[in-house]
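# Structural overview for review
Now for the letters of each chain:
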There are 2 protein chains.
Amino acid sequence: MKRVGVIGGGQLARMMIAPAVELGLPIGVLAEAEGAPAALATTLVGDYRDLETVRAFAATVDVVTFDHEHVPQAVLRALVADGVVVRPGPDALQYAQDKLLMRERLGELGLPVPAWGRVASPEELAAFISRHGPRVVVKTPRGGYDGKGVRVIEHAAEADDWFASLAEDGNGGSLLVEEFVEFSRELAQLVARRPGGEIALWPVVETVQKDGVCAEVVAPAPASDGPVSETAAAIAVAVAEGLDVTGVLAVELFETVDGRVLVNELAMRPHNSGHWSQDGAVTGQFEQHLRAVVDLPLGDPSPLAPAAVMINVLGGPEGQSMPDRYDRAAALNPSAKLHSYDKLSRPGRKVGHVTLIGDDAERVLADARAVAAVFAD
Amino acid sequence: MKRVGVIGGGQLARMMIAPAVELGLPIGVLAEAEGAPAALATTLVGDYRDLETVRAFAATVDVVTFDHEHVPQAVLRALVADGVVVRPGPDALQYAQDKLLMRERLGELGLPVPAWGRVASPEELAAFISRHGPRVVVKTPRGGYDGKGVRVIEHAAEADDWFASLAEDGNGGSLLVEEFVEFSRELAQLVARRPGGEIALWPVVETVQKDGVCAEVVAPAPASDGPVSETAAAIAVAVAEGLDVTGVLAVELFETVDGRVLVNELAMRPHNSGHWSQDGAVTGQFEQHLRAVVDLPLGDPSPLAPAAVMINVLGGPEGQSMPDRYDRAAALNPSAKLHSYDKLSRPGRKVGHVTLIGDDAERVLADARAVAAVFAD
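Residues numbered from 1 in each chain as written. Chains lettered and ligands numbered in written order. Predicted model: local features only at pLDDT ≥ 70, side-chain atom pairs only at ≥ 80, totals over all residues. Heavy atoms only, no water.

Chain A goes by N5-carboxyaminoimidazole ribonucleotide synthase in an unreviewed UniProt entry, where it is assigned to Mycetocola reblochoni. Quoted verbatim from the Sequence similarities (unreviewed entry) field of UniProt, the annotation for chain A is "Belongs to the PurK/PurT family." UniProt lists a comment for chain A under the heading Catalytic activity (unreviewed entry), and it reads "5-amino-1-(5-phospho-beta-D-ribosyl)imidazole + hydrogencarbonate + ATP = 5-carboxyamino-1-(5-phospho-D-ribosyl)imidazole + ADP + phosphate + 2 H(+)". (UniProt positions renumbered as here; feature names shortened; annotations may be inferred.)

## Here's the deal with the UniProt feature "binding site: ATP" (unreviewed entry) in chain A
Residue and element names in this part refer to chain A. Look at the UniProt record and you will see "binding site: ATP" (unreviewed entry) annotated at Lys 99, Lys 139, Glu 178, Glu 179, Phe 180, Val 181, Glu 186, Asn 264 and Glu 265. Counting through the fold element by element, Glu 179 comes out in strand S8 (residues 175-179). In this structure the side chain of Glu 179 is engaged in a polar contact, spanning 2.8 Å, whose partner is the backbone nitrogen of Ala 115. Its location among the elements puts Glu 186 in strand S9 (residues 183-193). With relative accessibility at 11%, the residue Glu 186 sits in the buried group. When neighbours within four sequence positions are excluded, Glu 186 is seen to be in contact with Val 205, Glu 206, Thr 207, Gln 209, Leu 253, Phe 254 and Asn 264. (Helix = DSSP H or I, 4+ residues; strand = E, 2+ residues; numbered from the N terminus. Polar contact = N/O pair within 3.5 Å; in protein donor to acceptor, adjacent residues only side chain to side chain. Buried < 20%, exposed > 50% of the residue type's maximum accessible area, 1.4 Å probe, protein only. Contact = heavy atoms within 4.5 Å.)

## Some points on the environment of Val 6 of chain A
Residue and element names in this part refer to chain A. Note on placement: Val 6 falls in strand S1 (residues 4-7). Once the C-alpha coordinates of Val 6 and Ile 153 are considered, the two residues, 147 residues apart in sequence, prove to be 37 Å apart. Once you skip the residues sitting within four places of it in the chain, Val 6 turns out to touch Ala 13, Met 16, Ile 27, Gly 28, Val 29, Leu 30, Phe 57, Thr 65, Phe 66 and Asp 67.

## A few points about the interface of chain B and chain A
Taken residue by residue, the interface counts 39 residues in chain B and 39 residues in chain A. Surface buried jointly by chain B and chain A totals about 3200 Å² across both partners, of which 56% is contributed by carbon and sulfur atoms. Its largest share of buried area at the contact with chain A, chain B owes to Val 21, Glu 22 and Leu 40 of chain B, together 18% of the area lost on that side. Between the two partners, chain B and chain A, sit two salt bridges. Among the ionic pairs, Lys 337 of chain A bridges to Glu 287 of chain B, the shortest N-O distance being 2.7 Å. Put simply, chain B and chain A have 14 residue pairs in polar contact (both at pLDDT 80 or more) between them. The greatest single-element share of the side of chain B that touches chain A, amounting to seven residues, is contributed by helix H1 (residues 11-23) of chain B. Tallied by class, residues from the side of chain B that touches chain A come to 22 nonpolar, seven polar and ten charged. (Buried area = accessible area lost by both parts, 1.4 Å probe. Salt bridge = Lys/Arg side-chain N within 4 Å of Asp/Glu carboxyl O. Nonpolar A, V, L, I, M, F, W, Y, C, P; charged D, E, K, R; others polar.)

## Some points on the sheet that holds S1 of chain A
Residue and element names in this part refer to chain A. Reading across from one edge, S3-S2-S1-S4 is the order of the four strands in this open sheet, with parallel pairing throughout. The sheet is open, and its two borders are formed by strand S3 (42-45) and strand S4 (63-66), each paired with just one other strand. For this sheet, the mean angle separating the axes of adjacent strands, direction not counted, is 25 degrees. With four bridges connecting them, S1 and strand S2 (residues 27-31) associate as parallel partners. Across the sheet, the residue bridging to Ile 7 is Leu 30, located in S2. Most of the contacts of helix H10 (residues 285-293) go to S4, to which it runs at about 145 degrees, and overall it touches S1, S2 and S4. (Pairing = 2+ DSSP bridges. Axes fitted to C-alpha atoms, helices over the stretch in contact; angles between N-to-C directions.)

## Considering the domain arrangement of chain A
You can read the domains of chain A as domain 1 (4-86), domain 2 (115-179) and domain 3 (183-374). Placing the centre of domain 1 of chain A and that of domain 2 of chain A at their C-alpha centroids yields a distance of 33 Å. (Domains from an automatic or database assignment.)

## Notes on unusual backbone geometry
Glycine aside, the phi torsion of most residues is negative, and most peptide linkages are trans. With an omega dihedral of -5 degrees, the bond running from Arg 87 of chain A to Pro 88 of chain A counts as a cis peptide bond. Inspection of the secondary structure puts Pro 88 of chain A in the loop between helix H3 (73-82) and helix H4 (90-97). A positive phi is found at Asp 295 of chain A, a non-glycine position, where the angle reads about 65 degrees. Along the chain, Asp 295 of chain A turns up in the loop between H10 and strand S15 (307-314). Judged by relative accessible area, Asp 295 of chain A falls into the partly exposed class, the value being 25%. Non-glycine residue Ala 223 of chain B carries a positive phi angle of around 50 degrees. You can see Ala 223 of chain B is positioned in the loop between strand S12 (213-219) and helix H8 (227-242). The exposure class assigned to Ala 223 of chain B is exposed, which follows from its relative accessible area of 73%.

## Quick notes on the nonpolar core
Formed by 88 residues in total, the largest nonpolar core has its most connected members in Leu 338 and Phe 375 of chain A together with Leu 338 and Phe 375 of chain B. When sequence neighbours within four positions are dropped, the list of residues in contact with Leu 338 of chain B reads Glu 22, Leu 23 and Arg 291 of chain A together with Tyr 326, Ala 329, Ala 330, His 353, Val 354, Val 371 and Phe 375 of chain B. Grouped together as the second largest cluster of nonpolar side chains are 42 residues, Met 102, Leu 106, Val 191 and Val 245 of chain A included. (Core = buried A, V, L, I, M, F, W, Y, C linked by side-chain atoms within 4.5 Å.)

## Examining the pairing of strand S6 (residues 136-139) of chain A
Residue and element names in this part refer to chain A. On S6, burial covers both faces: Val 136 and Val 138 on one face and Val 137 and Lys 139 on the other are all buried. As paired elements, S6 and strand S7 (residues 150-153) share four bridges and run antiparallel to each other. Its bridge partner lying in S7, Val 136 is registered against Ile 153. With four bridges connecting them, S6 and S8 associate as antiparallel partners. Opposite Val 136, over in S8, you have Glu 179 as the bridge partner.

## Section: helix H12 (residues 361-374) of chain B
Residues and elements named next belong to chain B. When the terminal C-alpha atoms of H12 are compared, their 20 Å separation across 14 residues agrees well with the 20 Å that a helix rising 1.5 Å per residue should span. Within H12, the full set of buried residues consists of Val 364, Leu 365, Ala 368, Val 371, Ala 372 and Val 374. Taken together, the buried residues of H12 touch S12, strand S15 (307-314), helix H11 (326-332), strand S16 (337-340) and strand S17 (350-358). (Expected span 1.5 Å × (residues − 1).)

## Describing the relation of the copies chain B and chain A
Relative to chain A, chain B is turned by 180 degrees and slid 0.0 Å along the rotation axis, the superposed coordinates differing by an RMSD of 0.1 Å. The superposition of one copy onto the other is thereby described by a two-fold rotation axis. The rotation axis passes nearest to the C-alpha of Ala 18 of chain B in chain B, at a distance of 2.1 Å. (Least-squares fit on C-alpha atoms with pLDDT ≥ 70 in both.)

## Overview of the pattern of salt bridges
Note on pairing: side chains with opposite charge can pair once their charged atoms come close. Here the structure, examined in full by the defined rule, presents 48 salt bridges over all chains. As a salt-bridge pair, Asp 295 of chain A and Arg 194 of chain A come within 2.9 Å of each other at their nearest N and O atoms. Of this pair, Asp 295 of chain A sits in the loop between H10 and S15 while Arg 194 of chain A is found in the loop between S9 and strand S10 (199-201), placing the two residues 101 residues apart along the sequence. With a closest N to O distance of 3.6 Å, Glu 265 of chain B and Lys 99 of chain B form a salt bridge.

## Describing the packing of helix H3 (residues 73-82) of chain B against helix H4 (residues 90-97) of chain B
All names here are of chain B. Interhelical geometry of H3 versus H4 gives an angle of 170 degrees and a closest axis separation of 10 Å. Taken together, the axes of H3 and H4 are roughly antiparallel relative to one another. Each of Gln 73, Leu 76, Arg 77 and Val 80 in H3 lies in contact with H4, whose residues at this interface are Pro 90, Asp 91, Leu 93, Gln 94 and Gln 97. Split into classes, the residues belonging to the contact of H3 with H4 amount to four nonpolar, three polar and two charged. (Parallel < 35°, antiparallel > 145°, perpendicular 65-115°, else oblique.)

Here is the structure:
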């Protein structure tokens, strides 16, 4: 059986360990440091930007996949040239790594996106604001996550520091600017795709962000029967196929007040918006990602109950970890599933999550929030 | 958070790894050998019969529990004298280790058991046969598992070799003999119990043995509503409390043709009859065992669907392992959950299992059997 190698030792790699052990698929991890969340499966510690380190890791596995999207294209392409099986491959990953490339490609595919522009100067940014403002969203094309590298502005000068650092980098780069979308809510559509094209879709979910960080997910998204779920599914399939994604793909979407569904962001790996599926679907996203990257038939993504909720644990008492409060949380609700990433809490840090399933989304949401609140402080 | 140490590196220890990682509970394993099924969490390799080895392992964890029941009483009692937290403790475990002690104790508790006797000679055995024969079941009190150490006989001479080896061992021991129970089916009732007494019960299940090995489990046992499930639950609670068990307890039961429910065997650890709960209950037996032994509030044992089935994979093509056939199995049924113990197949060897849930037990059973058959040969 193929040995899976995960580059990155964070919580996403950690959460691949359980299904790998259950399926009996060997798994190794290239972690940035000792004691990373995925330490149990860590087989090498080193820098994922260093080709020789990544090569040494790749030599120990049969297929390389990812906990994050930060492995440089040059490293990825060198691996492919070596004959390493990389899933998703660099041609797909580039669109998750560079938001300008992503916007261009989605436009070519005719997919609905916010109005956007590539701006290389405060003047170009000001011109975009005058057309699409007063508010716009400016983004660094690379390296952003959890709200970092994203800023809502009204004046071009508010991005001066980013233009300055782009100039310093000497990469002649540009910023991405987008219209500020008046959304009624945010959705996410997760799919998994095998190398040969087989696709499996979980139901579209509603996500709630706090300070740019995913805070809550309800699956399926309330009142998403019919057009909304069909549109979300069609978009995600078009992205997965159009970008030749293998593994799990998360498409973050805006549902606008005027009823449109627009693509916001992409992630080509298991994603926070899919954590509910660990306990709420026949096949969770971490198992499905493993199946896809080793090219096994995909599992059934059907939900196990009418409603599933995931609440992130963000922060909590500094220096503690989630299990320190399991006594109270488990006593409060014996049905809640508690997930800790083995990280010490600090303000705003994502240290784990709680999932819960049931018949009624509102009730499940309230109950899950009560459990998550135990960890808050 | 308490660090759990599991003595024994087999598949039961292996299957504790996934919930330990998900909960974020540190786990270590004392395995008999390198490359055991629980290798990923193995922190020490050594002989569980050697006190110094077990002491060294126990020093690295906060609570000691078990993959099997074979750790000698002398070792267990020395650990307890050292102040090590051992769950279940030696006072409970002795009844899972010695079937004569178990029969005596269950009798004291007034629990329904087959007619039985302690026989120290062929003459005493012959006397039991004349009272309860023609067929009786003779068992070695210690060391039996998966049908080993159990023999159905009609003549005392058929146990001569066991009497001889008892004499050779010089332990002056006896054999256990029991009436041959005309059962209509075999059931199992799993419970978990915390040190303080909190108990959680999964539904009673039907088990089907082949050649003394658990082959299939249907949860809940068909037509077990009412008296059967109430009796099974009451027996298991009485055993858990009467023997002061902590962790998961499996009580194997006979349902007789005349409607009685009798205790057959006990296991004080996660048990093959509970594997369905990994994918078929809100809280699976491996997570529940961890919760119980670290003294956390127990999880909800409710089933996720009206029917759940577990089929063991026994044997398969020699030298292969289950994942070699995942392509066919996963294509046949995307809803089946595939569990491999990372063991190479040989005739009759338990190398993994398949679970499936659904609305109709007969349909689920047929579908699960079809998937398991892919691994058969």
